[in-house]
Amino acid sequence: MIKFAIIGTSSISEKFVDALKKTQGCEAYTILSRDEEKGRKFAKQHGIEKVYTNIEDMLKDSEIGAVYIASPNGKHFEQAKLSLEAGKNVICEKPIVPTVREFDILKELAIKNNVVLMEAMRPTTNPNFKIIKDNLYKIGEVRQIMLKYCQYSSRYDLLKEGKISNVFDKKMYGGALYDIGVYPLHFALAMFGEPEEYVGSSYLLSSGVDGCGTILLKYSDKIGVISYSKITDERTPSEILGEKGSVVIDQVSNVKGITIKYRDGREEQIGVELYDNDMRYEIEEFLKVIKSGKIESELNSFNVSRKSVEIMFSIF
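In what follows, the accompanying structure is described. Predicted, not measured: the structure shown is a model, and the values here were computed from it.

1. Concerning the overall build of the chain
Argument step 1. Assigned secondary structure in the chain consists of eleven helices and 14 strands.
Argument step 2. At 20 Å, the chain has a C-alpha radius of gyration in line with the 20 Å of a compact globule built from 316 residues.
Argument step 3. Across its three principal directions, the C-alpha atoms of the chain cover 60 × 45 × 35 Å.
Argument step 4. Scored against the burial criterion, the 316 residues of the chain give a buried share of 55%.

If you want it as structure tokens, here you go:
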């Protein structure tokens, strides 16, 4: 039984704890919150045994086998570094860290301490991701990749009132790209590999972070366009276009609603029915890597996470 320490009391932590309860071989053991009252409320609500307000104290707990980090982006590096140094396996919310330098430090610590380090990226651990990859041959040579994630944020309304939340705070590495643009970017890199060139452009908000933007990925035989926004909603799906047809994906972040549309007018639905809580897939992958004795996931690899960080930081 692998006991997890949860860092952060946001809704994403609640979803992760729910996924832990539905996954064999693990449990939510303790919660770390700067606000003790909030931490105790979270623990009581979710049946968690212990509450800590100091990460150093928490990491001395020998019962903890893994740490899930769901704090603001700007806190990821420090918390992951301390956890790895303490010999704990780490699964960290996207983006794993804001910079390549920080990623390289964490990677070396994972190697040194022989513990797992994995970015909590859901799409690539979702079984439908592999199904898409296995079916790409049906659309012929892929020439265009058009992936997007645009979702209006209620916290944008707060920003317009002069209130800056973490998601729009430059010091916390907030903004649309780091918050949700990372999903389609990571998807493209994991599906098609590293581009030969890339360039990005974004619209900056009053707080200094991007509200929306686009990344162009140039491969030798295809072009990728990544679009993301927290100040507009999307109304059309993502699409991978080949010479014989295309793969249409309703939701890249959840890898749902997948249709192959052939040039001759035929359509084919692919994909499997998913868990209600798709965070179970990343937990299962994380546990699998721990049990294998390896330090790196093949599905959420170091190379893909590092390249994603590199591209995002160059545009940030």
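2. Brief notes about the layout of surface pockets
Argument step 1. In this structure, the largest pocket encloses a volume near 1400 Å³.
Argument step 2. Elements with a contribution of two residues or more to the lining of the largest pocket: helix H1 (11-21), helix H3 (55-59), helix H4 (76-85) and helix H9 (176-192).
Argument step 3. If one sorts the elements of the lining of the largest pocket by residue count, H4 sits on top with four residues.
Argument step 4. A breakdown of the residues in the lining of the largest pocket according to their chemical character gives 14 nonpolar, 17 polar and 16 charged.
Argument step 5. In this structure, the second largest pocket spans a volume of roughly 260 Å³.

3. Some points on the sheet that holds strand S14 (residues 267-270)
Argument step 1. Strand order in the open sheet made by the eight strands is S8-S9-S10-S7-S11-S12-S13-S14, with mixed pairing throughout. The sheet is open, and its two borders are formed by strand S8 (197-204) and S14, each paired with just one other strand. Within this sheet the neighbouring strands show an average axis-to-axis angle of 10°, counted without direction.
Argument step 2. Here strand S13 (residues 256-262) pairs with S14 via four bridges, running antiparallel. Bridging from a neighbouring strand, Lys-261 pairs with Glu-267 of S14.
Argument step 3. Here H9 sits on the sheet in contact with strand S7 (142-150), strand S9 (210-218), strand S10 (223-229), strand S11 (238-242) and strand S12 (245-251), set at roughly 160° to S10.
Argument step 4. The strands touched by helix H11 (residues 302-315) within the sheet are S8, S9 and S10, with S8 carrying the most contacts at an inclination of about 50°.

4. Considerations on helix H5 (residues 100-113)
Argument step 1. The end-to-end C-alpha distance of H5 is 20 Å, a good match for the 20 Å that 14 residues give at a rise of 1.5 Å each.
Argument step 2. Along H5, the residues that are buried comprise Val-100, Glu-102, Phe-103, Leu-106, Leu-109 and Ala-110.
Argument step 3. In the segment just after H5, Asn-114 is the residue with positive phi, at about 55°.

5. Topic: the packing of H1 against helix H2 (residues 36-46)
Argument step 1. Relative to each other, H1 and H2 sit at 30°, their axes nearing to 11 Å. Relative to H2, H1 is oriented roughly parallel. Crossing of H1 against H2: the hand is right-handed. Residues Ser-13, Glu-14, Val-17 and Lys-21 of H1 touch H2, and the partners they reach there are Phe-42, Gln-45 and His-46.
Argument step 2. Broken down by class, the residue content of the contact of H1 with H2 amounts to two nonpolar, three polar and two charged.

6. Let's talk about the side chain of Lys-222
Argument step 1. One can find Lys-222 in the loop between S9 and S10.
Argument step 2. Side-chain polar atoms of Lys-222 contact the side chain of Asp-221, separated by 3.0 Å.
Argument step 3. Discounting chain neighbours no more than four positions away, the residues touching Lys-222 are Val-142, Arg-143, Gln-144, Ile-145, Phe-192 and Leu-217.

7. Points about the sheet that holds strand S2 (residues 26-32)
Argument step 1. Spatially, S3-S2-S1-S4-S5-S6 is the arrangement adopted by the six strands of the open sheet, whose pairing is parallel. Edge positions in the sheet fall to strand S3 (50-52) and strand S6 (117-120), since each has one partner strand and no second. Ignoring which end each strand starts from, the neighbouring axes of this sheet average 25° apart.
Argument step 2. Here four bridges tie strand S4 (residues 66-69) to strand S5 (residues 89-93), and the two strands are oriented parallel to one another. The partner of Ile-69 across the bridge, within S5, is Cys-92.

8. As for the pattern of salt bridges
Argument step 1. With the rule as written, the count across this model stands at 21 salt bridges.
Argument step 2. Notably, a salt bridge pairs Lys-3 with Glu-63, separated by 2.8 Å at the nearest N-O pair. Of the two residues, Lys-3 is situated in strand S1 (residues 2-7) and Glu-63 in the loop between H3 and S4; the sequence distance between them amounts to 60 residues.
Argument step 3. Between Lys-163 and Glu-161 there is a salt bridge whose closest N-O contact spans 3.7 Å.
Argument step 4. A relative accessible area of 54% places Glu-161 in the exposed class.
Argument step 5. Residues joined by salt bridges that share partners form a network here, namely Lys-15, Arg-122 and Asp-278.

Rules of the game
Residues numbered from 1 in each chain as written. Predicted model: local features only at pLDDT ≥ 70, side-chain atom pairs only at ≥ 80, totals over all residues. Heavy atoms only, no water. Helix = DSSP H or I, 4+ residues; strand = E, 2+ residues; numbered from the N terminus. Rg over C-alpha atoms; globule rule 2.2 N^0.38 Å. Buried < 20%, exposed > 50% of the residue type's maximum accessible area, 1.4 Å probe, protein only. 1 Å grid on protein atoms, 1.4 Å probe; cavity = no way out; pocket = protein on both sides within 12 Å on 5 of 7 lines; lining within 4 Å. Points joined across faces, edges and corners; volume = space filled by probe spheres on them. Nonpolar A, V, L, I, M, F, W, Y, C, P; charged D, E, K, R; others polar. Pairing = 2+ DSSP bridges. Axes fitted to C-alpha atoms, helices over the stretch in contact; angles between N-to-C directions. Contact = heavy atoms within 4.5 Å. Expected span 1.5 Å × (residues − 1). Parallel < 35°, antiparallel > 145°, perpendicular 65-115°, else oblique. Left-handed = near helix turned anticlockwise from the far one by under 90°. Polar contact = N/O pair within 3.5 Å; in protein donor to acceptor, adjacent residues only side chain to side chain. Salt bridge = Lys/Arg side-chain N within 4 Å of Asp/Glu carboxyl O.

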